Amino acid sequence: MMSNLALAQMASNMSAYAAERHNVIARNIANADTPGYRSLDLPPYSNDGATNSSTFLKATRSQHISTGPETTSFARLHDTTRNTAQNGNSVSLEAEMIRMAENRENYDRALAVYRSTTNVLRTSIGRG
């Protein structure tokens, strides 16, 4: 039943986006000393479950032709390079920690939306 509600689906998409972005940020931090590594990030989240710069279509039925990557519903990673070190690495640990904190806020927001949706449903069926 929860999967049919648009608000619950949005909260699920928001948390999936936050989880995927967390993995990207963690990979950046892990490669902070790797020569030539370029810092990556996901484009900002948008409400349709994909990102604003996504060029992939969203299949609504199993008979639709697949037009995008199978592993993720989010757009491709983009390079966030501003400054590079002498070894060609562009990871700034300070910037990654700021991204991590922002991402945590977004994940907490997704959980709050999901909790609120659940509370409204419980109240509406008399179990509040």
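Quick caveat: nothing in here was measured; it's all calculated off a predicted structure.

Between its first and last C-alpha atoms helix α1 (residues 6-30) spans 36 Å; for 25 residues at 1.5 Å apiece the expected length is 36 Å, and the two agree. What α1 keeps buried is the set A8, M10, A11, N13, M14, S15, Y17, A18, R21, V24, I25 and N28. Its buried side turned inward, α1 meets β1 (40-41) and α2 (93-124).

Moving on, we get to α2. Along its 32 residues, α2 runs 47 Å from first to last C-alpha, staying within 8% of the 46 Å computed at 1.5 Å per residue. Restricting attention to buried positions, one finds in α2 the residues E96, R99, M100, N103, A110, T117, T118 and L121. In this structure, the buried side of α2 is in contact with α1 and β1. Backbone geometry just downstream of α2 places G126 in the positive-phi region, at approximately 85°.

The rules behind each value
Residues numbered from 1 in each chain as written. Predicted model: local features only at pLDDT ≥ 70, side-chain atom pairs only at ≥ 80, totals over all residues. Heavy atoms only, no water. Helix = DSSP H or I, 4+ residues; strand = E, 2+ residues; numbered from the N terminus. Expected span 1.5 Å × (residues − 1). Buried < 20%, exposed > 50% of the residue type's maximum accessible area, 1.4 Å probe, protein only. Contact = heavy atoms within 4.5 Å.

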